[in-house]
Amino acid sequence: MKQQWLGHIQGKGLYGMVLVLLVSWGALAEAGMNAKVEQLDIDHATLEDVWQVFGVPLEYRWGQRIIDLNEIPARNYCMVYPDQFMIWMQRDQVVELRFESPDIDYQWQGSLAVGMPLDDVLKEIGAPRKTIQGQANEFVDGVLYRDIKGRIGHGYYARADLNLRLWFGNDHLAAIYVTRGDYGQRHGAKPRLTLDDLPETSFINEDGRIVDKVDYPFVDDPNAMGHWISVDFVDEIDAFVPLPNQSDSELFLKELYLRPGGKTNWAFTWTQGLILHHGDKTASRYLIKTIEGQDYLFFEWKSGDYTLRHQKPSYYVLRRGEVRPYVESRVIDRTDYPFVDDPAVIGTWNSVDFVDCPSQFNPDERSWQGGELFLKELTFLPDGMMAHESDTWTQGLVLDHHMKTASRYLIKQSNGETYLFYEWKSGDYVYRKMTPKYYVLKKAQ
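Residues numbered from 1 in each chain as written. Predicted model: local features only at pLDDT ≥ 70, side-chain atom pairs only at ≥ 80, totals over all residues. Heavy atoms only, no water.

### A closer look at the sheet that holds strand β28 (residues 437-443)
- One open sheet accounts for 7 strands, arranged β23-β22-β28-β27-β26-β25-β24; its pairing is antiparallel. Two strands bound the open sheet, and with one partner strand each, they are β23 (377-380) and β24 (391-394). For this sheet, the mean inter-axis angle between neighbouring strands, taken without regard to orientation, is 30 degrees.
- Pairing between β24 and strand β25 (residues 397-400): 4 bridges, direction antiparallel. Bridge pairing in β25 places Thr-394 opposite Leu-397. (Pairing = 2+ DSSP bridges. Helix = DSSP H or I, 4+ residues; strand = E, 2+ residues; numbered from the N terminus. Axes fitted to C-alpha atoms, helices over the stretch in contact; angles between N-to-C directions.)

As structure tokens, this is what we get:
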């Protein structure tokens, strides 16, 4: 029987104690997983309780990143055990127990086990109030998502009243996630913002999109200028817990330079107290706080969750970096092309799909399953002008003089209809150097 020793020294700022535990995974298997789960009060259990019940994990992980013990309590991490058993933790609290293999020999309330057919699962816990087939998983409680994004047999079904989240593959139960009782309140969809929740300078347009005022004059803020490194992403500012040498390479926003005159290393501009995105029409507040002698910038992240789904924005937390000159690291296209006419492109085109490449487009089956398309339409005016004031066009190209991009367009016929394929050069192309995808647009009548 394999024995494992655990010696974790936690500083006074974390737990103020030394833990030394002798644990055996063999003993865990002999006792049975169900018996172990019953010992854990999931709504109140701490990391220490998890160690005592389940023992030493093989590793601490979040996504592809291994979490070092010195970083615990990190914001999110999974404790990984043999036989695809994991425990999702947030700092010192259990979020859910994850069973992803029949080898663990776990049965939920003696009735559900990994590998069961979907129909048998529904007989045990009840039919969903609604079934959505072939679309994106939006994680709505009580809704069965089948063939998610066209993947036959891939499904998801959550029951908050049972503290369950279930995943399916080939229409068989692939994973059982047992959640804490308040999971829905802690990790469910955020309440929708109403017009009364928005500042007077913002409004909701005819497409249901939140639009912020972005035409602010530049006001300097010497304390904000410089290099900032992302270390966390939190729902509320007060939820941030600083850790020694903290960083998180998996965050989407890796770093931010606030440069003189309101410039940044992204598509943002800035002025005192605000970071502005003129394309998305968002004005995000920033706040600088000194915590334990270190400066942190809290950056309100107004993604599509805010503009399209009207959710309260979360915050990137960035630590002040070392003082060093800014080096431009982005793709800049040539945009000074002479105008060449193309009468076929003049007019308004409405978006119908978003694809990896033009050959992927099928007019009978929409590829994009992520909800509402961000780009609604493109209007090409005579003499190279466009409806968007910073853009012009010439034969085969749309030129964005603000972002310094030259995006190709291609007009093709399919099933007797005319479509325009427009190369989408977003920040993924400009800053992360990724291959651009394509909007598919249909000529308005």
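### Points about the sheet that holds strand β16 (residues 255-258)
- Pairing within the open sheet is antiparallel, and its 7 strands lie in the order β16-β15-β21-β20-β19-β18-β17. Edge positions in the sheet fall to β16 and β17 (269-271), since each of these pairs with one other strand and no more. Mean inter-strand twist for the sheet, computed between neighbouring axes without regard to direction, equals 30 degrees.
- Note: strand β15 (residues 226-234) against β16, 4 bridges, orientation antiparallel. Bridge pairing in β16 links Trp-228 to Leu-256.

### Here we look at the environment of Val-331
- Within the secondary structure, Val-331 sits in the loop between β21 (314-320) and β22 (347-355).
- Taking the C-alpha atoms as reference points, Val-331 and Tyr-429, 98 residues apart in sequence, are found 7.3 Å from one another.
- In this view, Val-331 contacts Lys-404, Tyr-429, Val-430 and Lys-433; residues no more than four positions away in its chain are not counted. (Contact = heavy atoms within 4.5 Å.)

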